[in-house]
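# Summary of the model geometry
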Amino acid sequence: MKIGILSDSHTRSDYTELVVEHLKEQGAQYLLHAGDLCIEDNLKILQNSKLVYVSVFGNNDNALFSLSNKYKIQKEPYYFKIKDIKFKMMHLPYYLTSDSDIVIFGHTHKFKCSYTNNTLFINPGEVCAREKPLIESVLLEINKNEYIISYYFKDINANNFKKEEYKYER
């Protein structure tokens with residue numbers, strides 16, 4: 001199973017579309033957005049991806065509250081399952097506890113992954129390239145005995161994404 005993870009798009013729907021297309025090209029079957037979508041266009045990109053997606057409200061998403069019935073956007077922390085894997089997703093990193101198989105968060109604009117107490121923690125970094133000139137996302141591959149995290153990043157002036165890979169035994 002392959003899951004595309006992104007966060008902190010802010011008003012950069014052009015970068016959000018680029019990241020979603022790239023994740024789909026890498027085989028993503030699901031999309032998870034950890035908040036700060038900021039504009040409806042970013043929700044439309046998720047919806048139009050033709051992939052199963054879910055997102056959570058970030059601290060800059062007040063204008064999107066009225067759209068929660070139209071799009072799959074939830075209050076944090078949001079618990080859900082994909083197949084038999086338990087997820088917890090939030091924007092603000094306030095609920096970083098090992099009460100799910102995978103915990104996804106955003107807000108810091110910094111990529112991070114770790115595996116602690118049988119829980120995988122992932123922050124995919126930022127789509128918006130606000131804190132640094134990088135467009136970032138993660139493709140999480142879940143296999144029977146391992147997690148493979150592919151961290152994708154692209155300089156805003158470069159043509160192609162670069163990749164770093166991290167593996168954890170389940």
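A brief report on the enclosed structure follows. Bear in mind the structure is a predicted one, so any value in this text is a computation, not a measurement.

A count of helices and strands for the chain gives 2 helices and 12 strands. Helices (α) and strands (β) of the chain occur, in sequence order from the N terminus, as β-α-β-α-β-β-β-β-β-β-β-β-β-β. The C-alpha atoms of the chain give 14 Å as radius of gyration, which agrees with the globular expectation for 170 residues (15 Å, within 12%). When the 170 residues of the chain are sorted by exposure, 52% land in the buried category. Taking the intrachain contacts of the chain between residues at least 6 apart in sequence as the baseline, contacts between residues at least 24 apart amount to 47%. A distance of 4 Å separates the average location of the 22 positive side-chain charges in the chain from that of its 22 negative side-chain charges.

Before going further, it helps to examine the packing of helix α1 (residues 13-25) against helix α2 (residues 40-48). Packing of α1 against α2 leaves a shortest axis separation of 9 Å and a crossing angle of 15°. One way to sum up the angle between α1 and α2 is to call them roughly parallel. Considering the relative orientation of α1 and α2, their crossing is right-handed. Residues S13, T16, E17 and V20 of α1 form the contact with α2, whose own contacting residues are D41, N42, I45 and L46. A per-class count over the contact of α1 with α2 returns 3 nonpolar, 3 polar and 2 charged.

Structurally, the position occupied by L67 is in the loop between β3 (52-56) and β4 (73-74). Not counting the four nearest positions on each side in its chain, L67 is found in contact with E40, L43 and I73.

Relative to the helices and strands, V52 resides in strand β3. With relative accessibility at 49%, the residue V52 sits in the partly exposed group. Sequence separation of V52 and I3 is 49 residues, and the distance between their C-alpha atoms is 9.7 Å. Setting aside chain neighbours within four positions, we find V52 in contact with Q29, Y30 and L31.

The strand order β4-β3-β2-β1-β10-β11-β12 describes an open sheet built from 7 strands, whose pairing is mixed. Looking at the sheet topology across the chains shown, the edges are occupied by β4 and β12 (162-169). Sheet strands touched by α1: β1 (2-6), β2 (30-33), β10 (134-142) and β11 (146-155). Its angle to β10, the strand with the most contacts, is close to 30°. Packed on one face of the sheet, α2 meets β2, β3 and β4 and runs near 155° to β3.

The next subject is the nonpolar core. In terms of nonpolar packing, the biggest core is built from 26 residues, with I3, L32, F87, I102, L140, I142 and I149 touching the most fellow members. If you tally residues by element for this core, the top one is β11, at 4 residues. Leave out the neighbours within four places in its chain, and I3 touches Y30, L32, I82, F87, V138, L139, L140 and I142.

It is worth spelling out the packing of aromatic side chains at this point. For the structure on display, the rule yields 8 aromatic pairs. Where F111 meets Y151, the ring centres are 4.0 Å apart and the plane angle is 15°; that geometry is what we call stacked. Taken together, the residues F111 in strand β8 (residues 111-116) and Y151 in strand β11 connect sequence positions 40 residues apart. Centre to centre, the rings of Y115 and Y147 are 5.8 Å apart; their planes meet at 65°, and the pair counts as edge-to-face. With Y115 in strand β8 and Y147 in strand β11, this residue pair connects regions lying 32 residues apart in the sequence. With a relative accessible area of 25%, Y115 lands in the partly exposed category.

Basis of the calculations
- Residues numbered from 1 in each chain as written.
- Predicted model: local features only at pLDDT ≥ 70, side-chain atom pairs only at ≥ 80, totals over all residues.
- Heavy atoms only, no water.
- Helix = DSSP H or I, 4+ residues; strand = E, 2+ residues; numbered from the N terminus.
- Rg over C-alpha atoms; globule rule 2.2 N^0.38 Å.
- Buried < 20%, exposed > 50% of the residue type's maximum accessible area, 1.4 Å probe, protein only.
- Contact = heavy atoms within 4.5 Å.
- Lys, Arg positive; Asp, Glu negative; His and termini not counted.
- Charge placed at Lys NZ, Arg CZ, Asp CG, Glu CD.
- Axes fitted to C-alpha atoms, helices over the stretch in contact; angles between N-to-C directions.
- Parallel < 35°, antiparallel > 145°, perpendicular 65-115°, else oblique.
- Left-handed = near helix turned anticlockwise from the far one by under 90°.
- Nonpolar A, V, L, I, M, F, W, Y, C, P; charged D, E, K, R; others polar.
- Pairing = 2+ DSSP bridges.
- Core = buried A, V, L, I, M, F, W, Y, C linked by side-chain atoms within 4.5 Å.
- Phe/Tyr/Trp six-rings, centres within 6.5 Å; stacked < 30°, edge-to-face > 60°.

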